[in-house]
Amino acid sequence: MVIDQVKIGQVIGGMRSLKCLVTDISYLDPQEGIRYRGYTLPEVFAKLPKPPGAEMPYVEGLLFLLLTGDVPTESEVGDIVDEFKKRRVLPSHVYDVIDAFPKDASPMAVFSAAILSMQGDSSFARLYREGINKMEYWDPTFEDTMDLLAKLPEVASYIYSRLYKDGKRTQGDPNLDMGANFAHMMGIPKPYDDVSRLNFIIHADHESGNVSAHTGHLVGSALSDVYLSISAMLNGLAGPLHGLANQEVLRWLQDLVEQMKGKVPTEEEMKQFVWDTLNSGQVIPGFGHAVLRKTDPRYSLQREFCQTHMKDDLLFKYTDMLYKVVPPILTEQGKAKNPWPNVDAQSGIIHWHYGIKEYPFYTVLFGIGRSIGITANLIWDRALGYAIERPKSLSTAMLEEMAKNAK
Ligand code: AMX
């Protein structure tokens, strides 16, 4: 049955909107934003169990929801929290790998390499070598997922310490869930535990056609294990048009703060700054989206958090003014198909507020969250026996010939 037609514009234009992937984990509606297993993000945040006293749900509960489609009970979440605690400890060579990078290395490159360095522990790779039945592939993929997700906060916080701080290894706290433990290892007090939970949950999945999710699926489709697939997807996430955009937002805002000598600009001054950026041939970071055609609900959830916890923050005031000023300007300019803000317009300023001032690290935080959705997809890819990817390429001359014949 035909479900789509392929246009030349899509073939040379990044396969935009081509219906050629399957996932049941999430669906991105252009008007509504992402749904995880059928639930909008506000529903996810309302339904998932929360740690005592927390504003945001357990990240571990999201993994349960993405894998099963069911909202977990407190005790089901508790099981995953306990499993993660058992699997958190890093092999000592991971510290050596991180230490081997120069201090000015990209934290995404270090993150990707650190994950790759644990590939020798893959249960899937070992059992595959031993001849496991393909009906059982999903099981060691699940084990690898649990092992890797449990370790990501430890890896990331050590990269932060090594590249930007004193290089100390902070021990995880066995009493804490994933979000709170990450805040603890980063040495940032409350409510950064809730920031971590919020951040990991909203970044977890965005269908499977975006660069990071698609890379994870593509590499996994060759039966490469979870470590190889997640390391690869992080390299795509590191690109300026994808995960790196949140640091671009901050760099761009800091430029304006400098120009304004720390004052809040008037609306006119802000409009001028936006036009100057556009007129110099640059994009407005944090605005626009390949699929979305409205304000990103991930932006809105972070904005609500900022309004509750940091409404007097200077950068939040700037960001809020941009929300008012940029969409009409992008509409007037008439190029961007979506003039509304995306997730990245807001996330960097929250981490900055709580003391993470090293922007290159923001994409690592995105990467921890994104790993949850991609691994959930990989487990189902193995369970359903999805095929290795192999789309067909044509030459430009062939496309020209086809266009000529069509005329
Ligand atoms: N500012 C200025 N121009 C923009 C723009 C923006 N924020 N968003 C899109 N445009 C321009 C494009 O550059 C393109 O111009 P061109 O015709 O001269 O090449 C034109 O509008 C049409 O682009 P589009 O179809 O609306 O967007 P796209 O699907 O090609 O790209 C995206 C989507 C996100 C890369 C783009 O909107 C962009 O560059 N935004 C700024 C960077 C950003 O915020 N990235 C984060 C995305 C979310 C994520 O993955 N983390």
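All values reported here derive from a predicted model rather than from experimental measurement.

Cut-offs applied
- Residues numbered from 1 in each chain as written.
- Predicted model: local features only at pLDDT ≥ 70, side-chain atom pairs only at ≥ 80, totals over all residues.
- Heavy atoms only, no water.
- Helix = DSSP H or I, 4+ residues; strand = E, 2+ residues; numbered from the N terminus.
- Buried < 20%, exposed > 50% of the residue type's maximum accessible area, 1.4 Å probe, protein only.
- Contact = heavy atoms within 4.5 Å.
- Pairing = 2+ DSSP bridges.
- Axes fitted to C-alpha atoms, helices over the stretch in contact; angles between N-to-C directions.
- Parallel < 35°, antiparallel > 145°, perpendicular 65-115°, else oblique.
- Left-handed = near helix turned anticlockwise from the far one by under 90°.
- Nonpolar A, V, L, I, M, F, W, Y, C, P; charged D, E, K, R; others polar.
- Near = heavy atom within 4 Å.
- Polar contact = N/O pair within 3.5 Å; in protein donor to acceptor, adjacent residues only side chain to side chain.
- Areas by Shrake-Rupley, 256 points an atom, 1.4 Å probe, with all protein chains shown as cover.
- Core = buried A, V, L, I, M, F, W, Y, C linked by side-chain atoms within 4.5 Å.
- 1 Å grid on protein atoms, 1.4 Å probe; cavity = no way out; pocket = protein on both sides within 12 Å on 5 of 7 lines; lining within 4 Å.
- Points joined across faces, edges and corners; volume = space filled by probe spheres on them.
- Expected span 1.5 Å × (residues − 1).
- Arc of directions from axis to C-beta.
- Phe/Tyr/Trp six-rings, centres within 6.5 Å; stacked < 30°, edge-to-face > 60°.
- Lys NZ or Arg CZ within 6 Å of the ring centre and 35° of its normal.

Chemist: Please clarify how the side chain of Asp194 should be interpreted in this entry.
Modeler: Tracing the chain through its elements places Asp194 in helix 10 (residues 192-202). On the accessibility criterion, Asp194 (6% relative accessible area) is buried. Not counting residues within four places of it along the chain, the set of residues in contact with Asp194 comprises Ala54, Glu55 and Met56.

Chemist: What is the right way to read the sheet that holds strand 3 (residues 39-40) from this model?
Modeler: Two modes of strand pairing occur in sheets, parallel and antiparallel, and in both the strands are linked by backbone hydrogen bonds. Overall, antiparallel pairing links the three strands, which are arranged 1-2-3 in an open sheet. At either end of the open sheet lies a strand with only one pairing partner, and these are strand 1 (26-29) and strand 3. Pairing of strand 2 (residues 33-36) with strand 3 involves two bridges; the strand directions are antiparallel. Across the sheet, residue Arg35 finds its bridge partner in strand 3, namely Thr40.

Chemist: How should the packing of helix 6 (residues 107-116) against helix 8 (residues 138-164) be read in this particular structure?
Modeler: Each pair of packed helices can be described by the angle between their axes along with the distance between the axes. Contact geometry of helix 6 with helix 8 gives a least axis separation of 10 Å together with a crossing angle of 140°. Judged by the inter-axis angle, helix 6 sits oblique to helix 8. Viewed along their axes, helix 6 and helix 8 form a crossing whose handedness is right-handed. Counted together, Pro107, Val110, Phe111, Ala114 and Ile115 of helix 6 and Leu148, Leu152, Val155, Ala156, Ile159, Leu163 and Tyr164 of helix 8 form the full contact between these two elements. By residue class, the composition of the contact of helix 6 with helix 8 is 12 nonpolar, no polar and no charged.

Chemist: Explanation requested: the site of the ligand in the structure shown.
Modeler: The immediate surroundings of the ligand are formed by 20 residues, with Arg16, Gly286, Phe287, Lys337 and Asp344 found nearest. One of the side-chain N or O atoms of His242 is found 2.9 Å from an oxygen atom in the ligand. Within the backbone of Ile284, an N or O atom sits 2.8 Å from a nitrogen atom of the ligand. Compared with its free state, where it exposes 900 Å², the ligand has 74% of that area covered by protein. Classifying every residue of the shell around the ligand gives 11 nonpolar, five polar and four charged.

Chemist: Honestly, the nonpolar core in this entry has me stumped. Any pointers?
Modeler: Nonpolar side chains in soluble globular proteins generally cluster together in the buried interior. The biggest cluster of nonpolar side chains holds 104 residues, and the ones touching the most others in it are Leu62 and Phe111. By residue number, the principal contributor to this core is helix 8, which donates 11 residues. Beyond its immediate stretch of four places on either side in the chain, Phe111 contacts Leu152, Val155, Ala156, Ile159, Leu234, Val364, Gly367 and Ile368.

Chemist: How should I be thinking about the layout of surface pockets in this particular structure?
Modeler: Left-over empty space is what a probe sized like a water molecule reveals as it rolls over the atoms. Estimated volume of the second largest pocket: approximately 360 Å³. Along the wall of the second largest pocket there are 21 residues; nearest its centre are Glu154, Thr170, Gln171, Gly172 and Met185. When residues of the lining of the second largest pocket are traced back to their parent elements, those giving at least two are helix 8 and helix 9 (178-186). The element best represented in the lining of the second largest pocket is helix 8, accounting for five residues. Of the residues assigned to the lining of the second largest pocket, the class counts are eight nonpolar, five polar and eight charged.

Chemist: Got a minute to help me understand helix 13 (residues 245-259) in this structure?
Modeler: The end-to-end C-alpha separation of helix 13 is 21 Å, in line with the 21 Å expected for 15 residues at 1.5 Å each. All of the buried residues along helix 13 are Ala245, Asn246, Gln247, Val249, Leu250, Trp252, Leu253, Gln254, Leu256 and Val257. On its buried face, helix 13 sits against helix 14 (267-279), helix 16 (314-333), helix 17 (344-353) and helix 18 (362-384). Just past helix 13, the residue Lys261 takes up positive phi, approximately 50°.

Chemist: Any chance you could explain helix 14 here in plain terms?
Modeler: Since the α-helix advances by 3.6 residues per turn, residues separated by three or four positions end up pointing in the same direction. Taking 1.5 Å of rise per residue, the 13 residues of helix 14 would be expected to cover 18 Å, and the 18 Å separating its terminal C-alpha atoms lies within 8% of that figure. Residues of helix 14 that are buried include every one of Met270, Phe273, Val274, Thr277 and Leu278, and no others. Burial along helix 14 is one-sided: seen end-on, the buried residues are contained in an arc of 135°. Exposed and facing more than 90 degrees away from the buried side of helix 14 are Glu268 and Asn279. On its buried side, helix 14 packs onto helix 13 and helix 16.

Chemist: What is the right way to read the pairing of strand 2 from this model?
Modeler: Look at any regular strand and the pattern is simple: side chains alternate between the two faces of the sheet. Here strand 1 pairs with strand 2 via four bridges, running antiparallel. Paired with Leu28 across the strands is Ile34, a residue of strand 2. Hairpin connection of strand 1 to strand 2: three residues between the antiparallel strands. The antiparallel hairpin formed by strand 2 and strand 3 contains two residues in its connecting segment, where Arg37 sits at a positive phi of about 50°.

Chemist: Is there a simple way to explain the packing of aromatic side chains in this structure?
Modeler: The description of two aromatic rings rests on the distance between their centres and on the angle between their planes. What the rule picks out here adds up to 14 aromatic pairs. Ring plane angle 55° and centroid distance 4.8 Å describe the contact between Tyr160 and Phe361, whose orientation is recorded as tilted. Here Tyr160 is found in helix 8, whereas its partner Phe361 is found in the loop between helix 17 and helix 18, with 201 residues between them in sequence. Relative accessible area serves as the criterion here: at 6%, Tyr160 is assigned to the buried category. Among the residues examined, Phe361 registers a relative accessible area of 0% and is labelled buried. Aromatic side chains Trp352 and Tyr359 sit 6.0 Å apart centroid to centroid with 40° between the ring planes, which places their arrangement in the tilted category. For the pair shown, Trp352 and Tyr359 are each scored as buried. In this structure an aromatic cluster arises from ring pairing among Phe124, Tyr128 and Tyr137. The side chain of Arg169 reaches across the aromatic face of Tyr95, ending 3.8 Å from its centre. The ring centre of Tyr158 lies 6.0 Å from the NZ or CZ of Arg169, which sits over that ring.

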